[in-house]
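Residue-level listing of the chains:
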Number of protein chains: 2
Amino acid sequence: MNEKRYDLESTILSLVESKRYASLRDILTTMNAADIAVLFEELNAEALPLLFRLLPKELAAETFVEMDSDAQQLLITGFSDSELKEVIDELYIDDAVDIVEEMPANVVKRILMQADAETRKQINEILKYPEDSAGSIMTTEFVELRPHFTVADAIKSIRRTGIDKETINTCYITEPDRKLCGQISIRALILADEDERVGDIMNTNVISVSTLTDQETVAQSLQKYDLLSVPVVDGEGRLVGIVTVDDAIDVLQEEATEDIEKMAAITPSDKPYLKTGVLSLYVHRIPWLLLLMISATFTGIIIMNFESALAAQVALTAFIPMLMDTGGNSGSQSSVTVIRGLALQEIRFRDIFRVIWKELRVSLLCGITLAAANFLKLMYLDKVGVQIAFVVCLTLVITVIVAKLIGCTLPMLAKKIGFDPAVMASPFITTLVDAISLFTYFQVATAMLGL
Amino acid sequence: MNEKRYDLESTILSLVESKRYASLRDILTTMNAADIAVLFEELNAEALPLLFRLLPKELAAETFVEMDSDAQQLLITGFSDSELKEVIDELYIDDAVDIVEEMPANVVKRILMQADAETRKQINEILKYPEDSAGSIMTTEFVELRPHFTVADAIKSIRRTGIDKETINTCYITEPDRKLCGQISIRALILADEDERVGDIMNTNVISVSTLTDQETVAQSLQKYDLLSVPVVDGEGRLVGIVTVDDAIDVLQEEATEDIEKMAAITPSDKPYLKTGVLSLYVHRIPWLLLLMISATFTGIIIMNFESALAAQVALTAFIPMLMDTGGNSGSQSSVTVIRGLALQEIRFRDIFRVIWKELRVSLLCGITLAAANFLKLMYLDKVGVQIAFVVCLTLVITVIVAKLIGCTLPMLAKKIGFDPAVMASPFITTLVDAISLFTYFQVATAMLGL
């Protein structure tokens, strides 16, 4: 699919140059909004508004939503008031909110001025909810039915209002006080008898979330229960919006990226890499590097304390990198496994002893295998004395066990006390394991080699 | 929600003990399949079949799908042939295939014997496709319409067959030779005039995938184009199945987990951690630990070669862990960012020079900041000579730059030559960066300190 798009790109650029607008319109209308957006982002500031105006109204709005905020701002600045109004009228509320959140104040003011009163009210309503809450990502355009409706009434009501709703696949049933009392799929409505009452055939066992529920939890319940949308209710159980599955997918992908970034000691950012400035990347990375550098100096202090032992046996120094790396790798294997398990809710805090017991056995197996391989190498390749070989291998087994135990417990404890487990991943554990393994190394060496 | 479930769990267990089956049935029928499955997995082998039989037919099948393969096998073994047939009849084809794939041969045989001829044929058909292909995760139960149908015909056809389809939200239109020619949403059908022809109002610009398309690509196109299902066509463009959004979410989460595992030097496994045996965990982890341990010995060789320099200046040893850790952390920040960017298709190979140029500037900023902080610490806390401080800080800057450049280029090159970029993550880069930074360290030290 990618190949096709890039060929098209050069075709379109040459059509823009030769001003073949009719052909351009024909090509663009056969394309999908997501692909047009990628194409448009590569255009220069002059060609963009020109090509955008070629799109039919609905496709224009869909494309607008898919573009990055820089391109959106460029377009809005170039729009006349009526053009702006046309685009806003076509947007779903949740998309409008996303755009408003990214724009500078003067552009937001223009957008809200062009929106009709009802849209403006709904945008402001959603903007009130805390970032990353269900309220902030929901849409207020959903199909609402009453229990006393017959199936025929319901379908009539959907026909009348459905064009403006983000989805009609699941309809929600509320009491006159707007309290959510059930849901029904469009499939159930179509398969049902025309005279049946919605209240009699609706599903009353509704999974719902509150406006303040964290977006990750919302996305997880959509995944867990295989839903196409989940209703969002306020503190009094009144239906105020829905979160649709397409937004849930984006949330899940975002959260996975955030966890990956945290595990690699980066402060998460929600901008794609290529759109992020050098300074911003620096700011997201340097605090962790500094912090970890400072904690690595503890390892240095341990080495300093054993300076005389090392001077007597410089050969010991040669195995420090191997011990540190193996400890770090063993620890991050365990920590990353546990962190992902916690994120996917496959592991819970109450499982901590099962996890420790499992990691203990795995680390014993790994430690002994690594030590055995290393012992052979030390004796036959490096040809060090059997005593040094023994010191190195004993340290290796202890390091691997300690690393795996720290690696699995630290993220679980972090989660328990309300910290983000992902932050407890490899770099922190590596630093800790480094210090412990070096300390063990020198203790074992002093004892066995009589340094 | 979790809290609620755990309270329920003890209630249910005590009801099982006191054999209050009527109340149990009442409780279970208000619950969701996903929650019942979690509950059932904790039951002992005796209580499970007993409670399972309390579930109404449809809920029983849904719950069965959600359970892990051990519990499924336990149940199947206990089922009579007619009970097994009842469950299989209720399953969607793609779920039946998932179950068949996890079962031992004798159980598979029993399942296929109880399935009706058509189901058996469809299961066998899907089993033929390679693992992780669109064909292997698709379902063959979709709504298929013809272009000459009127909207009224279409809705009548959906009413007649829709009950057995996995989704009716998007209907696919095929020619008599089964070639896919368009799609229409149930919403468009409901909003359209009864007499209009499907062929006139359908969307002919259909995103489709081939049976052999990789499941990650399939899931990404569902996400990119905000689809609820994507049609799967064979080599001749004939519609053979669809992949629905709930399966796409699972694929995306699985792929993220796999990437995270690979980045932490673990061979990916598709079993949840707590269900994976100690030996299996060992087998997934030990090859990488061994490989990385062996490559870490190169770092040891470098140290050995500078043994005499180190013997003269043992203080230099104290900074080895700090240099190695900072190099490793800097490198993995870059590699992990690039690997995730590649996975999300935010970064492409043609961007390689933009990425290198960006990382070069970021690494200069990071390197200088770290070196400055370290210089102050070396001079005022560690009170080492200005020459040693200079050696350490110069090495630090070089290490950070090299680490970030290797970190960003290696995954992109890996992807280009068809390797998995995630495998190129932190551990490999750390080992490489370790060797380079130590080599630099000793070169700089020898030159500046005249060792």
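Residues numbered from 1 in each chain as written. Chains lettered and ligands numbered in written order. Predicted model: local features only at pLDDT ≥ 70, side-chain atom pairs only at ≥ 80, totals over all residues. Heavy atoms only, no water.

A. Just the overall build of chain A, in detail. Within chain A one finds 22 helices and 6 strands. In terms of overall dimensions, chain A is more spread out than a globule: its C-alpha atoms have a radius of gyration of 30 Å, far above the 22 Å expected for 451 residues. Evaluated residue by residue, chain A yields a buried proportion of 57% over its 451 residues. If you take every contact in chain A between residues at least 6 apart in sequence, the share linking residues at least 24 apart comes to 66%. With the model as given, the accessible surface of chain A reaches about 19100 Å², and the carbon-plus-sulfur share is 56%. (Helix = DSSP H or I, 4+ residues; strand = E, 2+ residues; numbered from the N terminus. Rg over C-alpha atoms; globule rule 2.2 N^0.38 Å. Buried < 20%, exposed > 50% of the residue type's maximum accessible area, 1.4 Å probe, protein only. Contact = heavy atoms within 4.5 Å. Areas by Shrake-Rupley, 256 points an atom, 1.4 Å probe, with all protein chains shown as cover.)

B. Looking closely at the sheet that holds strand E4 (residues 209–210) of chain B. Residue and element names in this part refer to chain B. As summarised here, the arrangement of the 3 strands in space is E4-E5-E6, forming an open sheet in which the pairing is mixed. For this open sheet the edge positions go to E4 and strand E6 (239–244), each flanked by a neighbour on one side alone. The sheet contact formed by strand E5 (residues 229–233) and E6 spans 5 bridges and is antiparallel. If you follow Val232 over to E6, its bridge partner there is Gly241. (Pairing = 2+ DSSP bridges.)

C. Structural detail: the packing of helix H19 (residues 320–343) of chain B against helix H21 (residues 386–416) of chain B. All names here are of chain B. Closest axis-to-axis distance for the H19/H21 pair is 8 Å, and the angle between their directions is 25°. As summarised for this structure, H19 and H21 are arranged roughly parallel, according to the angle between their axes. The two elements H19 and H21 cross, and the hand of that crossing is right-handed. Residues Met322, Leu323, Thr326, Gly327, Ser330, Gly331, Gln333, Ser334, Ser335, Val338, Ile339 and Leu342 of H19 form the contact with H21, whose own contacting residues are Val392, Thr395, Leu396, Thr399, Val400, Ala403, Lys404, Gly407, Cys408, Pro411, Met412 and Lys415. (Axes fitted to C-alpha atoms, helices over the stretch in contact; angles between N-to-C directions. Parallel < 35°, antiparallel > 145°, perpendicular 65-115°, else oblique. Left-handed = near helix turned anticlockwise from the far one by under 90°.)

D. Layout of the nonpolar core. Core analysis: the largest hydrophobic core is formed by 129 residues, its most contacted members being Leu28, Phe40 and Phe52 of chain A together with Leu28, Phe40 and Phe52 of chain B. In this structure, Ala309, Ala318 and Met412 of chain A together with Ala315 of chain B belong to the second largest nonpolar core, which totals 104 residues. (Core = buried A, V, L, I, M, F, W, Y, C linked by side-chain atoms within 4.5 Å.)

E. Structural view of the relation of the copies chain B and chain A. You can overlay chain B on chain A at an RMSD of 0.1 Å; the transform is a turn of 180° with a shift of 0.0 Å along its axis. In short, the pair behaves as if placed about a two-fold rotation axis. Measuring from the rotation axis to each C-alpha of chain B, the shortest distance belongs to Ala311 of chain B, at 2.9 Å. Mapped onto chain A, 100% of the interface residues of chain B are again interface residues, and the two copies thus contact each other with one and the same surface. (Least-squares fit on C-alpha atoms with pLDDT ≥ 70 in both.)

F. Highlighting the state of the cysteines. Throughout the structure, instances matching the rule amount to 0 disulfides over all chains. Cys366 of chain A carries a free sulfur, and the closest cysteine sulfur to it, the one in Cys408 of chain A, is 13 Å from it. (Disulfide = S-S within 2.5 Å.)

G. Up close: the packing of aromatic side chains. One pass over the structure, following the stated rule, counts 10 aromatic pairs over all chains. Judged by centre distance (5.6 Å) and plane angle (45°), the ring pair of Phe52 of chain A and Phe79 of chain A falls under tilted. In this pair, Phe52 of chain A is assigned in helix H4 (residues 47–52) and Phe79 of chain A in the loop between helix H6 (69–78) and helix H7 (81–90), connecting sequence segments 27 residues apart. Judged by centre distance (6.1 Å) and plane angle (65°), the ring pair of Phe52 of chain B and Phe64 of chain B falls under edge-to-face. (Phe/Tyr/Trp six-rings, centres within 6.5 Å; stacked < 30°, edge-to-face > 60°.)

H. Representation of the pattern of salt bridges within the structure. On inspection of all chains with the given rule, the structure shows 32 salt bridges over all chains. Of the charged contacts in the structure, one is a salt bridge between Arg238 of chain B and Asp234 of chain B, with a shortest N-O distance of 3.1 Å. The exposure class assigned to Arg238 of chain B is partly exposed, which follows from its relative accessible area of 33%. When the shortest N-O distance is used, the salt bridge between Lys262 of chain B and Asp420 of chain B registers 2.3 Å. With Lys262 of chain B in helix H16 (residues 245–263) and Asp420 of chain B in the loop between H21 and helix H22 (426–449), the pair connects residues that are 158 residues apart, well separated along the chain. Since its relative accessible area comes to 15%, Lys262 of chain B is described here as buried. Residues participating in the shared-partner salt-bridge network are Glu41, Asp68 and Lys275 of chain A. (Salt bridge = Lys/Arg side-chain N within 4 Å of Asp/Glu carboxyl O.)

I. Main features of the interface of chain B and chain A. Of the residues lining the interface, 119 residues belong to chain B; the matching set on chain A comes to 120 residues. Taken together, the two surfaces of chain B and chain A that pack against each other cover about 10900 Å², and 64% of this comes from carbon and sulfur. For the chain B face of the interface with chain A, the top three residues by lost area are Arg187, Tyr273 and Leu274 of chain B, together amounting to 7%. For the pair chain B and chain A, the interface holds 4 salt bridges. Note that Lys224 of chain A is salt-bridged to Asp35 of chain B, the shortest N-O span being 2.9 Å. For the pair chain B and chain A, the number of links is 36 residue pairs in polar contact (both at pLDDT 80 or more). At 17 residues, the largest contribution of residues to the side of chain B that touches chain A is made by helix H17 (residues 278–305) of chain B. Here the side of chain B that touches chain A is built from residues that sort into 63 nonpolar, 27 polar and 29 charged. (Buried area = accessible area lost by both parts, 1.4 Å probe. Polar contact = N/O pair within 3.5 Å; in protein donor to acceptor, adjacent residues only side chain to side chain. Nonpolar A, V, L, I, M, F, W, Y, C, P; charged D, E, K, R; others polar.)

J. Fine view of a nonpolar patch on the surface. Residue and element names in this part refer to chain A. There is a patch of nonpolar side chains on the surface, built from Phe390, Leu394, Ile398 and Met448 and spanning about 300 Å² of accessible area. Per-element accounting of the nonpolar patch gives the leading share, 3 residues, to helix H21 (residues 386–416). Among the secondary structure elements, Phe390 is positioned in helix H21. (Patch = residues over 30% accessible without salt bridge, like charges linked within 9 Å, V, L, I, M, F, W, Y side chains within 5 Å.)

K. Summary view of the packing of helix H8 (residues 93–102) of chain A against helix H10 (residues 117–127) of chain A. All names here are of chain A. For the pair H8 and H10, interaxial distance at closest approach is 10 Å and the crossing angle is 65°. Note on packing geometry: the crossing formed by H8 with H10 is right-handed. The segment H8 lies against H10, with Ile93, Ala96, Val97, Val100 and Glu101 engaging Thr119, Gln122, Ile123, Ile126 and Leu127.

L. Spatial organisation of the environment of Leu24 of chain B. Residues and elements named next belong to chain B. The residue Leu24 is located in helix H2 (residues 21–29) in this model. As a C-alpha pair, Leu24 and Leu13 span 11 residues in sequence and 9.6 Å in three-dimensional space. Look past the residues within four positions of Leu24 in its chain and what remains in contact with it is Ile12, Leu15, Val16, Leu51 and Leu54.

M. Structural context of the sheet that holds strand E1 (residues 144–145) of chain B. Residues and elements named next belong to chain B. Reading across from one edge, E1-E2-E3 is the order of the 3 strands in this open sheet, with mixed pairing throughout. With one partner strand each, in any of the chains shown, E1 and strand E3 (180–185) form the two edges of the open sheet. Direction of pairing for strand E2 (residues 170–174) relative to E3: antiparallel, over a ladder of 5 bridges. Counterpart to Thr174 in the pairing with E3 is Leu180.

N. The environment of Ala264 of chain A, seen in detail. Looking at the secondary structure, you find Ala264 of chain A in the loop between helix H16 (245–263) and helix H17 (278–305). Classification of Ala264 of chain A by relative accessible area gives buried; the value is 5%. Sequence separation between Ala264 of chain A and Arg348 of chain A is 84 residues; the distance between their C-alpha atoms is 23 Å. When neighbours within four sequence positions are excluded, Ala264 of chain A is seen to be in contact with Pro427 of chain A together with Ser332, Gln333 and Val336 of chain B.

O. Up close: the pairing of E5 of chain B. Residue and element names in this part refer to chain B. Counting buried residues in E5 gives 5 out of 5 residues, a clear majority hidden from the surface. Neither face of E5 is left uncovered, since the one carrying Ser229, Pro231 and Val233 and the one carrying Val230 and Val232 both have all their residues buried. Relative to E5, E4 runs parallel, the two sharing 2 bridges. Bridge pairing in E5 places Val209 opposite Val232. Linking two consecutive strands that pair antiparallel, namely E5 and E6, is a turn of 5 residues; a positive phi of about 80° is found at Gly237 within it.

P. Up close: unusual backbone geometry. The backbone of Asp226 of chain A shows a phi angle near 50°, a positive value even though the residue is not glycine. Relative to the elements of secondary structure, Asp226 of chain A occurs in the loop between helix H15 (215–224) and strand E5 (229–233).

Q. Region of the structure containing the confidence of the model for chain A. Residues and elements named next belong to chain A. Chain-level statistics for chain A give a pLDDT mean of 87 and a share of 98% at 70 or above. Low pLDDT, under 50, characterises residues 1–5; the stretch is placed with 8 contacts to residues that sit more than four places away or in other chains. Here the predicted complex scores 0.81 on pTM and 0.80 on ipTM. (pLDDT = per-residue confidence, 0-100.)

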